[in-house]
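Spelled out, the chains give:
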Amino acid sequence: MKITLKPLHIFLLLLCAIALILLFTKLLTKEAATPKGTDSEATPDEEEYQALRYAMAERARQQFDLKNTDVLRAVQTIPRHLFVPEALRDLVYSDAALPIGFGQTISAPYMVAWMTEELELQPGERVLEIGTGSGYQAAVLAELGYAEVYSMEIIPELAERAAATLNDLGYQGLRLRQGDGYFGWEEYAPFDAIIVTAAPDHLPAPLVQQLAEGGRMLIPIGPTGGYQTMWKFRKEGGQIKAYNLGGVVFVPLVSEGEPQPLQVPTPD
Ligand code: SAH
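Residues numbered from 1 in each chain as written. Predicted model: local features only at pLDDT ≥ 70, side-chain atom pairs only at ≥ 80, totals over all residues.

**A word on the overall build of the protein**
Secondary structure summary: the protein contains seven helices and nine strands in total. Considering the protein as a whole, with its 268 residues, one finds that 35% of them fall into the buried category. (Helix = DSSP H or I, 4+ residues; strand = E, 2+ residues; numbered from the N terminus. Buried ≥ 20, exposed ≤ 12 C-beta atoms within 10 Å, placed from the backbone.)

**Some words on the sheet that holds strand 7 (residues 211–221)**
As summarised here, the arrangement of the seven strands in space is 5-4-3-6-7-8-9, forming an open sheet in which the pairing is mixed. Two strands bound the open sheet, and with one partner strand each, they are strand 5 (175–178) and strand 9 (239–248). Adjacent strand axes in the sheet meet at a mean angle of 15°, parallel and antiparallel pairs treated alike. As judged from the four bridges shared by strand 6 (residues 191–196) and strand 7, these two strands associate in the parallel manner. Bridge pairing in strand 7 links Ile195 to Leu218. (Pairing = 2+ DSSP bridges. Axes fitted to C-alpha atoms, helices over the stretch in contact; angles between N-to-C directions.)

**Quick word on the packing of helix 3 (residues 69–77) against helix 4 (residues 109–118)**
It is at 9 Å that the axes of helix 3 and helix 4 come closest, and there the two elements cross at 150°. In terms of orientation, helix 3 lies roughly antiparallel with respect to helix 4. Taken as a pair, helix 3 and helix 4 cross one another with a handedness that is right-handed. Contacts between helix 3 and helix 4 involve Val71, Leu72 and Val75 on the former and, on the latter, Pro109, Ala113, Thr116 and Glu117. When grouped by side-chain class, the residues that make up the contact of helix 3 with helix 4 number five nonpolar, one polar and one charged. (Parallel < 35°, antiparallel > 145°, perpendicular 65-115°, else oblique. Left-handed = near helix turned anticlockwise from the far one by under 90°. Contact = placed C-beta atoms within 7 Å. Nonpolar A, V, L, I, M, F, W, Y, C, P; charged D, E, K, R; others polar.)

**Comments concerning the nonpolar core**
Ranked by internal contacts, the top residues of the largest apolar core, which has 59 residues, are Val127 and Ile194. Ignoring anything within four residues of it in the chain, the contact list for Ile194 reads Leu128, Leu207, Leu211 and Met217. (Core = buried A, V, L, I, M, F, W, Y, C linked by C-beta atoms within 7 Å.)

**Examining the site of the ligand**
Residues in contact with the ligand amount to 24 residues; listed here are only the nearest, Gly131, Gly133, Ser134, Gln137 and Gly181. If you list the elements that add at least two residues to the shell around the ligand, you get strand 2 (104–106), helix 5 (136–143) and strand 4 (148–153). With three residues, the top contributor of residues to the shell around the ligand is strand 2. Looking at the shell around the ligand residue by residue, the classes come out as 12 nonpolar, 10 polar and two charged. (Near = placed C-beta within 6 Å.)

**Observations concerning the environment of Asp95**
Relative to the helices and strands, Asp95 resides in the loop between helix 3 and strand 1 (98–101). Measuring from C-alpha to C-alpha, the distance between Asp95 and Met111 comes to 9.0 Å, with 16 residues separating the pair along the chain. Excluding residues that lie within four positions of it along the chain, Asp95 makes contacts with Arg59, Ala108, Pro109 and Tyr110.

**Examining unusual backbone geometry**
Residue Pro190 is reached from Ala189 by a cis peptide bond, and omega for that bond is 5°. By the secondary structure assignment, Pro190 is in the loop between strand 5 and strand 6. We note that Asp65 has phi near 50°; this positive angle belongs to a residue other than glycine. Mapped onto the fold, Asp65 is located in the loop between helix 2 (46–64) and helix 3. The backbone phi angle of Glu120 is positive, close to 50°, even though this residue is not glycine. On the secondary structure map, Glu120 appears in the loop between helix 4 and strand 3 (126–130). Judged by the 16 C-beta atoms lying within 10 Å of it, Glu120 falls in the partly exposed class.

**What to know about the pairing of strand 5**
When strand 4 meets strand 5, the two strands line up parallel, connected through four bridges. Paired with Tyr150 across the bridge in strand 5 is Arg175. Viewed along the sheet, the connection from strand 4 through helix 6 (residues 156–168) into strand 5 turns out right-handed. (Right-handed = clockwise from strand over helix to strand, strands pointing away.)

**Remarks on helix 3**
Every buried residue of helix 3 is listed here: Val71, Ala74 and Val75. On an axial view of helix 3, the arc spanned by its buried residues comes to 95°, and they lie on one face. Of the surrounding secondary structure, the elements contacted by the buried residues of helix 3 are helix 2, helix 4 and helix 5. (Arc of directions from axis to C-beta.)

**Topic: helix 2**
In this model helix 2 runs 27 Å from its N-terminal to its C-terminal C-alpha over 19 residues, within 8% of the 27 Å that 1.5 Å per residue would give. Restricting attention to buried positions, one finds in helix 2 the residues Arg53, Met56, Ala57, Ala60 and Arg61. Buried residues in helix 2, looked at end-on, bunch into an arc of 135°, giving them a common side. With respect to the buried face of helix 2, the exposed residues turned more than 90 degrees away are Glu47, Glu48, Ala51, Ala55, Gln62 and Gln63. Where helix 2 is buried, its residues contact helix 3 and helix 4. (Expected span 1.5 Å × (residues − 1).)

Rendered as structure tokens:
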């Protein structure tokens, strides 16, 4: 059988050849652009992160007997890996605190969940966090969806970075401020709940003053570099009731605040 190539056939063959050349070039450049050992499977995708997050929330729930489903949902939802330096992303769904720069840490996930539950937040309440750090704890408070969230951070670079992270994730309702949280945030006081995520060696009087009647405060108190005690304070009838929740380890609260004794009425 004799095959005669008509101009149309030649044209079609040429087209096929060009398509093949283009395909090979694309494949080759893709291979060259991918550094050895880092194919796309090395970076967990959102689905894998979500599975890790669910497991992390479940471990926290079991170990701390957590009951608040809003808090657990927040921990399951928030992409915690976006709150740490890129190099640490693969570790962020473990049960550990991790460095975030400037000698500071993002608290362990179970600690965030447990403290948030202990705040006993009700819809419409106002909560103040001291120590924004990475912004993760603030995101958990905001993700509850029913509290007004205020958060203060003393290190300007961390305050800026947390603001950017929270903004990128769409948490725009919360109020952030760079400054010394020892003195609280007078302008928006009183607060129904105060959560302090750095440890002072005494209870800061301004925070007690800015706690609303019926308000709860979670605060680790103790010496730098050792164990501290997690205290839960409740203001009832103008009195402060204290509950010892056990030993914890936090970075120190750094403050210009002078130790101020709680105001005790002076006898006539
Ligand atoms: N809640 C944070 C973890 C905080 S680590 C998170 O979810 O990532 C404690 C933070 O408290 C640090 O960022 C530290 O800079 C900050 N801090 C220490 N002393 C402070 C002070 N006096 N006022 C405000 N923030 C303070």
